[in-house]
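# Structural overview
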Amino acid sequence: MPTTPVTATSTSPNGAQETIMLELVDEDGNTIGTAEKLAAHQAPGQLHRAFSVFLFDAQGRLLIQRRALGKYHSPGVWSNTCCGHPYPGEAPFAAAARRTYEELGISPTLLAEAGTVLYNHPDPASGLVEHEYNHLFVGLAQANLRPDPTEIGDTAFVTPAELEERHRSAPFSAWFMSVLDAARPAMRELTGPAGGW
């Protein structure tokens, strides 16, 4: 059933509720303003800056996560290691490292830029739209995961064949294939030809 929440908030360290703002951009990635998070995701969607992280273990397996059931957008579906939105003025690289730690409890190693991709994916289940200029990053996960249960329902390290099988049998985020395909050249460079990515 579609939902149309009015605002998105987060709780600051002192317990206060804070409105989450996103950075609006043009199709070249230039900042043109800001918008409240949920307003930016209301149809038809406002183009905003985002990031997606792909982390691998020492065997070249990709870390994927199943989004927590309590999330307002795309709950319970599988997606890449971590994704989110920089705060206005925050560098995408810094935001990617920050959110990976906040969600998974690890600091990525060798985190490197892997290009950008622009897409517009409506989510029929929620009625929300992901219209994003997405900065891609690849790196290594070399520490034990400590997932935040309010963000993540499950995690898995998968080979390309295991990912393909899971993608056939389980729901994934609407944006997953767009960011995966765009990140593949950097994924191959990181994991080597034997990784199969």
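Residues numbered from 1 in each chain as written. Predicted model: local features only at pLDDT ≥ 70, side-chain atom pairs only at ≥ 80, totals over all residues. Heavy atoms only, no water.

Labelled according to an unreviewed UniProt entry, the chain appears under the name Isopentenyl-diphosphate Delta-isomerase, originating from Streptomyces niveus. You can read under Subcellular location (unreviewed entry) in the UniProt record for the chain the words "Cytoplasm". What the UniProt record of the chain gives under Sequence similarities (unreviewed entry) is the line "Belongs to the IPP isomerase type 1 family." (UniProt positions renumbered as here; feature names shortened; annotations may be inferred.)

So, about unusual backbone geometry. Cis geometry is adopted by the peptide bond preceding P44, which originates at A43 and carries an omega value of 10 degrees. Within the secondary structure, P44 is located in the loop between α1 (37–41) and β5 (48–56). The phi dihedral of S74 falls on the positive side, at around 55 degrees, and the residue is not glycine. By the secondary structure assignment, S74 is in the loop between β6 (62–67) and β7 (78–79). What makes S74 buried here is its relative accessible area of 7%. (Helix = DSSP H or I, 4+ residues; strand = E, 2+ residues; numbered from the N terminus. Buried < 20%, exposed > 50% of the residue type's maximum accessible area, 1.4 Å probe, protein only.)

The subject of this paragraph is the packing of aromatic side chains. Scanning the entire structure with this criterion turns up three aromatic pairs. Here F56 and W197 contribute two aromatic rings whose centre-to-centre distance is 5.8 Å and whose plane-to-plane angle is 70 degrees, an arrangement assigned as edge-to-face. Taken together, the residues span a long stretch of sequence, with F56 in strand β5 and W197 in the segment after α4 (176–191) at a distance of 141 residues. Since its relative accessible area comes to 0%, F56 is described here as buried. Residue W197 is classed as buried on the basis of its relative accessible area, which comes to 4%. Seen in terms of ring centroids, F93 and F137 are 5.8 Å apart; in terms of plane orientation they differ by 75 degrees. Their pairing is edge-to-face. With F93 in helix α2 (residues 92–104) and F137 in strand β10 (residues 128–140), this residue pair connects regions lying 44 residues apart in the sequence. Lying across the ring of W78, R166 places its NZ or CZ 4.5 Å from the centre. (Phe/Tyr/Trp six-rings, centres within 6.5 Å; stacked < 30°, edge-to-face > 60°. Lys NZ or Arg CZ within 6 Å of the ring centre and 35° of its normal.)

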